[in-house]
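Residue-level structural notes
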Amino acid sequence: MERFAWQDGVAFLAGLAALLAPGLWADDAGKQPLMVLGALLAAAGLYALLGAAGPTAWTATAFALLIFVAPWAFGFSGEDAGAWTAWIAGGVATIVGVWGATRARGGGEAAA
């Protein structure tokens, strides 16, 4: 009945936070990985919010998980603002994405 899922909104906002963090509050810590992965997560969330054909919920969840591990993978875990932004945005979006994707797959939401 209703195409809007709040999980898509969380993915979009988390991606937007990761995208904007290096320039606004993270002092360019992890600039490239946060901006690229944040843009991918925000785009996946926006596609889902608009109901357009595009990335699945699992794709957005994968981008969120990559954001979560980025501080360790790209060596900016010592930079507090950038690392905590990645851990919080990536962790929340991953948890919500897994929950939403498994719920949709398991038939938790009624079909229209």
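Residues numbered from 1 in each chain as written. Predicted model: local features only at pLDDT ≥ 70, side-chain atom pairs only at ≥ 80, totals over all residues. Heavy atoms only, no water.

Glancing now at the overall build of the protein chain. Helix and strand counts for the protein chain come out as four helices and zero strands. Listing each helix as α and each strand as β along the protein chain from the N terminus yields α-α-α-α. When the 112 residues of the protein chain are sorted by exposure, 38% land in the buried category. In the protein chain, the proportion of contacts linking residues at least 24 apart, taken out of those at least 6 apart, comes to 61%. A total accessible area of about 6500 Å² is found for the protein chain, and carbon and sulfur atoms account for 67% of it. (Helix = DSSP H or I, 4+ residues; strand = E, 2+ residues; numbered from the N terminus. Buried < 20%, exposed > 50% of the residue type's maximum accessible area, 1.4 Å probe, protein only. Contact = heavy atoms within 4.5 Å. Areas by Shrake-Rupley, 256 points an atom, 1.4 Å probe, with all protein chains shown as cover.)

Moving on, we come to the environment of Ala81. One can find Ala81 in helix 4 (residues 80-105). Residues Ala81 and Ala29, 52 residues apart in the sequence, show an inter-C-alpha distance of 7.7 Å. Once residues lying within four places of it in the same chain are set aside, the contact partners of Ala81 are Trp25 and Ala26.

Looking now at the side chain of Thr85. One can find Thr85 in helix 4. There is a polar contact of 2.8 Å between the side chain of Thr85 and the side chain of Trp25. What Thr85 contacts, discounting residues up to four positions off in sequence, is Ala17, Ala18, Ala21, Trp25 and Gly90. (Polar contact = N/O pair within 3.5 Å; in protein donor to acceptor, adjacent residues only side chain to side chain.)

Residue position: Leu34 is located in helix 2 (residues 31-50). Residues Leu34 and Leu20, 14 residues apart in the sequence, show an inter-C-alpha distance of 8.4 Å. Setting aside residues up to four positions removed in sequence, Leu34 forms contacts with Ala18, Leu19, Pro22, Ala29, Ala39, Ile67, Phe76, Gly82 and Ala86.

Further remarks concern the packing of helix 2 against helix 3 (residues 57-73). It is at 9 Å that the axes of helix 2 and helix 3 come closest, and there the two elements cross at 160 degrees. In this view, helix 2 runs roughly antiparallel relative to helix 3, as classed from their interaxial angle. Crossing of helix 2 over helix 3 shows left-handed handedness. Between helix 2 and helix 3, the residues in contact are Pro33, Leu34, Leu37, Gly38, Leu40, Leu41 and Ala44 and Ala60, Phe63, Ala64, Leu66, Ile67 and Ala70, respectively. (Axes fitted to C-alpha atoms, helices over the stretch in contact; angles between N-to-C directions. Parallel < 35°, antiparallel > 145°, perpendicular 65-115°, else oblique. Left-handed = near helix turned anticlockwise from the far one by under 90°.)

This next bit is on the nonpolar core. The tendency in soluble globular proteins is for nonpolar side chains to be buried side by side. Core analysis: the biggest nonpolar cluster contains 16 residues, and Ala14, Leu34, Leu41, Ile67 and Ala93 have the highest contact counts within it. Only helix 1 (6-24), helix 2, helix 3 and helix 4 provide two or more residues apiece to this core. Not counting residues within four places of it along the chain, the set of residues in contact with Leu41 comprises Ala11, Ala14, Gly15, Ala60, Phe63, Ala64, Ile67 and Ala93. (Core = buried A, V, L, I, M, F, W, Y, C linked by side-chain atoms within 4.5 Å.)

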